[in-house]
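Chain by chain, the residues:
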Amino acid sequence: MTNQPTTEDLQEWDRTHNVHPWIAMDAWRDYDLPVMGGAKGIYLWDSEGRRFIDGPGGMWCVQIGYGRKEMADAIADQVTLMPYNSPWSSTTEPAAVLARRLAEMAPGDLNNVHFTTGGSTAVDSAIRAMHFMNNRMGRPEKKIVIGRDKGYHGSTYLAASVTGKEREVSILDKAEDLVRFLPDVNPYRRPEGMTEEAWCDEKVADLERMIETEGAERIGAFIAEPILSSGGVIVPPKGYQKRTWEVCRKHDILYISDEVVTGFGRLGHWFASEEVFGIQPDIITCAKGLTSGYLPLGACIISDSVMERMAGDEPAMFSNGYTYSGHPVCCAAALKNIEIMEREGILEHVREISPYFQQRLRELAKFDIVGDVRGEGLLACVEGKPLDGKATLSADKKFGAILDEACEKRGLLVRPLYNMAVFSPPLIITREEIDTMFGILEESLEEVAREFGS
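Residues numbered from 1 in each chain as written. Predicted model: local features only at pLDDT ≥ 70, side-chain atom pairs only at ≥ 80, totals over all residues. Heavy atoms only, no water.

Quick look at the overall build of the protein
Within the protein, the secondary structure is distributed over 15 helices and 15 strands. In terms of C-alpha radius of gyration, the protein reaches 22 Å, essentially the compact-globule figure of 22 Å for 454 residues. Here the C-alpha coordinates of the protein stretch approximately 65 × 65 × 45 Å along the principal axes. Burial analysis of the protein (454 residues in total) assigns 55% to the buried set. Taking contacts inside the protein between residues at least 6 apart in sequence as the whole, the part at least 24 apart equals 71%. Accessible surface computed for the protein: about 20,500 Å², of which carbon and sulfur atoms make up 51%. (Helix = DSSP H or I, 4+ residues; strand = E, 2+ residues; numbered from the N terminus. Rg over C-alpha atoms; globule rule 2.2 N^0.38 Å. Buried < 20%, exposed > 50% of the residue type's maximum accessible area, 1.4 Å probe, protein only. Contact = heavy atoms within 4.5 Å. Areas by Shrake-Rupley, 256 points an atom, 1.4 Å probe, with all protein chains shown as cover.)

Shown next as structure tokens:
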């Protein structure tokens with residue numbers, strides 16, 4: 001009988017052979033990552049039996065929590081019935097039913113679902129749809145995408161190109177000619193004495209100035225997360241989303257709402273664009289919570305008006321798609337995920353529990369070491385206060401990692417991002433579990449404050 005590998009064996013094999021996402025190449029074999037061996041509800045267990053609250057909710061995605069046997073059964077049933085189908089030549093019941101459900105959930109005339117493998121490929125597909133549309137309309141020059149500093153849209157070539165998160169540290173090439181970036185929209189960064197209303201005016205003016213500088217005839221799309229999640233859970237000023245959407249409509253610029261994080265309940269609705277922010281985008285991209293992370297699946301949801309312009313008068317093929325587009329097993333998982341969320345009233349639960357979650361978050365501002373706390377729904381960020389007022393010292397940038405370490409030894413995982421820690425727990429989290437989570441955060445911040453000498 002073969003001996004089971006030890007934790008040390010697994011860590012050695014992992015650091016020797018497994019190239020993880022976003023890995024530091026100067027130290028890629030120096031990692032000893034925890035080996036996770038089980039999960040249930042909002043909790044994870046590592047190979048040594050230690051239990052953790054999953055603060056990041058996987059990677060912003062485990063909406064219904066871990067260990068759902070009916071998810072496993074739905075996946076197994078579909079695997080047994082039909083594990084794969086070529087989307088080039090036929091369809092399946094799960095893909096057709098899910099496409100209809102997503103069209104029903106999406107706002108306005110977003111009735112057309114192009115299935116992808118995840119969020120990055122959904123964003124790629126959205127940009128390619130815009131390029132295709134403008135080529136069909138005889139506007140080959142109308143291709144530039146406007147993004148925001150700190151916005152994150154994925155790691156494939158086009159998605160990474162329109163990502164504004166920490167671009168100065170990336171050594172990877174990007175399609176620089178296709179994108180322009182607007183300055184940071186974070187209200188925490190506004191000049192001293194400026195109201196949030198004035199800041200909103202300035203951020204809308206950023207977009208208007210960019211359009212004037214580049215020319216509306218050259219700009220094809222504006223891509224925006226309703227809340228800039230990976231950039232630090234940046235909540236734009238009130239009214240910003242709707243005003244920028246109105247600017248785009250005025251200039252015939254497609255509005256792409258990247259709801260890969262905010263979709264499927266994170267803010268208490270299937271999609272946040274219309275229900276929370278009052279906009280009907282031309283395209284919505286989604287993934288993550290679509291299957292609660294049980295299987296990979298994304299979607300690019302396109303409006304009827306865009307599809308009509310893509311159709312044109314002459315035959316043409318939209319040559320975009322993936323071997324696993326509309327994968328029947330992944331679609332079956334998404335349908336079961338949606339069924340569970342509806343049956344258990346998870347969207348309603350998020351709307352009910354979010355005010356308390358945000359209240360407990362705001363209480364963390366009492367620590368001198370904390371510069372800002374922000375969030376919406378079940379999204380949150382704790383940002384460390386700059387030691388020199390500029391957030392440039394290396395110690396500042398370690399705040400997130402130090403807080404993560406302090407939380408981890410108390411049984412909570414958060415996601416460190418430079419001088420920030422972000423979290424987005426499974427949507428099933430209870431009031432009592434919220435209290436436990438923020439109790440650990442308070443104890444950990446006390447430890448971090450001592451380490452920073454505050």
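Moving on, there is more to tell.
A short note on the nonpolar core
In terms of nonpolar packing, the biggest core is built from 65 residues, with Leu98, Leu102, Phe264, Phe271, Leu364, Phe423 and Leu441 touching the most fellow members. Core analysis: the next-biggest nonpolar cluster, separate from the first, contains 22 residues, Ile144, Ile146, Met210 and Phe222 among them. (Core = buried A, V, L, I, M, F, W, Y, C linked by side-chain atoms within 4.5 Å.)

What to know about the packing of aromatic side chains
If you walk through the whole model with that rule in mind, you get ten aromatic pairs. With centroids separated by 5.4 Å and ring planes inclined at 70°, the aromatic side chains of Phe132 and Phe318 adopt a geometry described as edge-to-face. With Phe132 in helix H5 (residues 119–136) and Phe318 in the loop between helix H10 (304–311) and helix H11 (328–343), the pair connects residues that are 186 residues apart, well separated along the chain. For Phe132, a relative accessible area of 16% puts it in the buried group. In this structure an aromatic cluster arises from ring pairing among Phe264, Trp270 and Phe271. A cation sits over an aromatic face here: Lys165 above Tyr152, 5.5 Å from the ring centre. If you follow Lys203 out to its NZ or CZ, it ends over the ring of Trp199, 4.3 Å from the centre. (Phe/Tyr/Trp six-rings, centres within 6.5 Å; stacked < 30°, edge-to-face > 60°. Lys NZ or Arg CZ within 6 Å of the ring centre and 35° of its normal.)

Quick word on the sheet that holds strand S11 (residues 370–376)
Taken together, four strands build an open sheet; the order of strands is S11-S12-S15-S14 and the sheet is antiparallel. Unpaired on one side and paired on the other, S11 and strand S14 (415–417) mark the two borders of the sheet. When strand polarity is set aside, the average angle formed by the axes of neighbouring strands in this sheet is 20°. Two strands pair when backbone bridges link them, and S11 and strand S12 (residues 379–384) are joined in this way by six bridges, in the antiparallel orientation. Along S12, the bridge assignment pairs Arg374 with Cys381. (Pairing = 2+ DSSP bridges. Axes fitted to C-alpha atoms, helices over the stretch in contact; angles between N-to-C directions.)

Details of the pattern of salt bridges
If you walk through the whole model with that rule in mind, you get 31 salt bridges. The salt bridge partner of Asp206 is Arg148, with a shortest N-O separation of 3.0 Å. Within this pair, whereas Asp206 is found in helix H7 (residues 196–214), its partner Arg148 is found in strand S5 (residues 144–148), the two being separated by 58 residues in sequence. Its salt-bridge partner being Glu383, residue Arg374 comes within 2.8 Å of it at the nearest N-O pair. (Salt bridge = Lys/Arg side-chain N within 4 Å of Asp/Glu carboxyl O.)

Considerations on empty space enclosed by the protein
Taken as a whole, this structure holds two cavities of 30 Å³ or more when the rule is applied. Taken as a whole, the largest cavity spans an internal volume of roughly 40 Å³. Together, Arg148, Gly151, His153, Ile223, Ala224, Glu225, Leu228 and Tyr240 line the largest cavity. (1 Å grid on protein atoms, 1.4 Å probe; cavity = no way out; pocket = protein on both sides within 12 Å on 5 of 7 lines; lining within 4 Å. Points joined across faces, edges and corners; volume = space filled by probe spheres on them.)

Concerning helix H14 (residues 399–408)
With seven of its ten residues buried, H14 lies for the most part within the structure. Among the residues making up H14, those that are buried are Phe399, Gly400, Ile402, Leu403, Asp404, Ala406 and Cys407.

What to know about the sheet that holds strand S1 (residues 36–40)
Ordered in space as S1-S2-S3-S13, the four strands form an open sheet in which the pairing is mixed. The sheet is open, and its two edges are formed by S1 and strand S13 (412–413), each paired on a single side. As defined by bridge partners, S1 adjoins strand S2 (residues 43–46) across four bridges and the pair is classed as antiparallel. Counterpart to Ala39 in the pairing with S2 is Leu44.

Remarks on the side chain of Ser230
When you line up the elements, Ser230 lands in the loop between strand S7 (219–224) and helix H8 (240–250). Setting aside residues no more than four positions away along its own chain, Ser230 makes contact with Trp60, Tyr152, Lys165, Glu225, Arg415 and Leu417.

Notes on the state of the cysteines
Across all of its chains, the model carries zero disulfides by this definition. Not engaged in a disulfide, the cysteine Cys300 finds its nearest cysteine sulfur in Cys286; these two sulfurs lie 8.8 Å apart. The thiol of Cys381 is unpaired, and the distance to the nearest cysteine sulfur, on Cys407, comes to 13 Å. (Disulfide = S-S within 2.5 Å.)

Here's the deal with unusual backbone geometry
The phi dihedral of Lys150 is positive, around 80°, even though this residue is not glycine. Its identity is not glycine, yet Phe264 carries a phi of approximately 60°, on the positive side. Relative to the helices and strands, Phe264 is located in the loop between strand S8 (254–258) and helix H9 (272–275).

Digging into the packing of H14 against helix H15 (residues 431–451)
Two elements in contact, H14 and H15, have axes separated by 9 Å at closest approach and are oriented at 125°. In terms of orientation, H14 and H15 fall into the oblique class. Like other packed secondary-structure pairs, H14 and H15 cross with a definite hand, here right-handed. Each of Phe399, Ile402, Leu403, Ala406 and Cys407 in H14 lies in contact with H15, whose residues at this interface are Ile440, Leu441, Ser444, Leu445, Glu447, Val448 and Glu451. Class assignment for the residues of the contact of H14 with H15 results in nine nonpolar, one polar and two charged. (Parallel < 35°, antiparallel > 145°, perpendicular 65-115°, else oblique. Left-handed = near helix turned anticlockwise from the far one by under 90°. Nonpolar A, V, L, I, M, F, W, Y, C, P; charged D, E, K, R; others polar.)

Brief notes about the environment of Leu172
Along the chain, Leu172 turns up in the loop between helix H6 (157–161) and strand S6 (179–182). Look at Leu172 and you get exposed, because its relative accessible area is 69%. With twelve residues separating them along the chain, Leu172 and Ala160 place their C-alpha atoms 9.1 Å apart.

Interpretation note: all reported values are geometric properties and have no functional meaning in isolation.
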